[in-house]
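Descriptive analysis of the structure
What follows is the residue order along each chain.
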Amino acid sequence: MERKISRIHLASEPNIAHFLQVSWEKTLESGFVITFTDGHSAWTGTVSESEISQEADDMAMEKGKYVDELRKALVSGAGPADVYTFNFSKESCYFFFEKNLKDISFRLGSFNLEKVENPAEVIRELICYCLDTIAENQAKNEHLQKENERLLRDWNDVQGRFEKCVSAKEALETDLYKRFILVLNEKKTKIRSLHNKLLNTAQEREKDIKQEGETTICSEMTADRDPVYDESTDEESENQPDPSGSASAALSKDDSIISSLDVTDTAPSRKRRQRMQKNLGTEPKMAPQEHPLQEKEKVEQ
């Protein structure tokens, strides 16, 4: 059998503590036994399932909700102390309790009790139950305390291992990071050297292509200029003197002069001299041709 003992204060005697015991076999809904005492006298009564149903009908409440209200008021003591108000009449042995809302209160339940002839036995039973409950709760508390200590030791052990794992993880990460930095720097160095090599190769190739282009342009310009500049223009051919032609012309003129000197003329020498001077005056001056003329005269002598 389950039971619950609680301390209550009556509205008629708020300064005196009273004790209320509720016990039941299966569930509170199936019925329960109520015992009430002030420390000197005791009263008891049985509440059947039908009475509970009748009280629920009178309150116009569902039976399950009514049983929950009974549990809160008599067993669990849920809510503030001033929510439920208890009253008991020693003359009529009538026990009832009310529920207080904001501005109103309504009777939640009432029971007719009978006075116990030997209240000392009931009080002794209540005291024994309270002591047994205290001892049981103390044993549970000791067990829970030991369990908490064990869990705390396990927690400290786990925390220590966790800290070691964290330290090892950090050391491993540091080592891996250093290795990664070394590998990364080597890769960067290789990439940089390869980039510089490719850049130098590209620059040399560009320089070679530029030199080849300049050589090709120079050769093309030379090839284009050779047939043009080797030939003289009409103006240059007209302005440039022909040494061979002038020399032959001078020689022919000298021959004509010499031959004209050798020809016998029937005219007087004075006329001949005038004619010669006239012919000589009409000829252009050939200063540079005197030297070959003198050579020819020397040859004839």
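The present account deals with the structure reproduced in this document. Quick caveat, the model's predicted, so the values are computed rather than measured. (Residues numbered from 1 in each chain as written. Predicted model: local features only at pLDDT ≥ 70, side-chain atom pairs only at ≥ 80, totals over all residues. Heavy atoms only, no water.)

Things to note about the sheet that holds strand β5 (residues 84–89)
Here three strands make up an open sheet; going across it, the order is β5-β6-β7 and the pairing antiparallel. Edge positions in the sheet fall to β5 and β7 (105–112), since each has one partner strand and no second. Each strand axis lies, on average, 20 degrees off the axis of its neighbour in the sheet, ignoring direction. Of the strand pairs in this sheet, β5 and strand β6 (residues 94–100) are connected by six bridges, and their pairing is antiparallel. Within β6, the position partnered with Asn87 by the bridge is Phe96. (Pairing = 2+ DSSP bridges. Helix = DSSP H or I, 4+ residues; strand = E, 2+ residues; numbered from the N terminus. Axes fitted to C-alpha atoms, helices over the stretch in contact; angles between N-to-C directions.)

Considerations on helix α2 (residues 63–76)
The terminal C-alpha atoms of α2, which comprises 14 residues, lie 18 Å apart, in line with the 20 Å expected from a rise of 1.5 Å per residue. For α2, the complete set of buried residues consists of Tyr66, Val67, Glu69, Leu70, Ala73, Leu74 and Val75. (Expected span 1.5 Å × (residues − 1). Buried < 20%, exposed > 50% of the residue type's maximum accessible area, 1.4 Å probe, protein only.)

Points about a nonpolar patch on the surface
Among the surface-exposed residues, Ile127, Leu131 and Ile134 lie close enough to one another that they form a single nonpolar patch of about 290 Å² accessible area. Looking at the element boundaries, Leu131 is found in helix α3 (residues 119–229). (Patch = residues over 30% accessible without salt bridge, like charges linked within 9 Å, V, L, I, M, F, W, Y side chains within 5 Å. Areas by Shrake-Rupley, 256 points an atom, 1.4 Å probe, with all protein chains shown as cover. Salt bridge = Lys/Arg side-chain N within 4 Å of Asp/Glu carboxyl O.)

Brief notes about the pairing of strand β4 (residues 42–48)
In this structure, strand β3 (residues 31–37) lies alongside β4, joined through seven bridges in antiparallel fashion. Looking across to β4, one finds that Thr35 is bridged to Thr44. Taken together, β3 and the strand that follows it, β4, pair antiparallel across an intervening segment of four residues, in which Gly39 is found at a positive phi of about 100 degrees. Pairing geometry for β4 and strand β8 (residues 114–115), over two bridges, is antiparallel. Counterpart to Trp43 in the pairing with β8 is Lys115.

Some words on helix α1 (residues 49–58)
The set of residues buried in α1 consists of Ile52, Glu55 and Ala56. Axial view of α1: buried residues confined to an arc of 100 degrees, hence all on one face. Facing away from the buried surface of α1 by more than 90 degrees, the exposed residues are Ser50, Asp57 and Asp58. As for α1, its buried residues are in contact with β3, β4, α2 and β7. Just past α1, the residue Ala60 takes up positive phi, approximately 55 degrees. (Arc of directions from axis to C-beta. Contact = heavy atoms within 4.5 Å.)

Taken by themselves, the reported measurements are silent on function.
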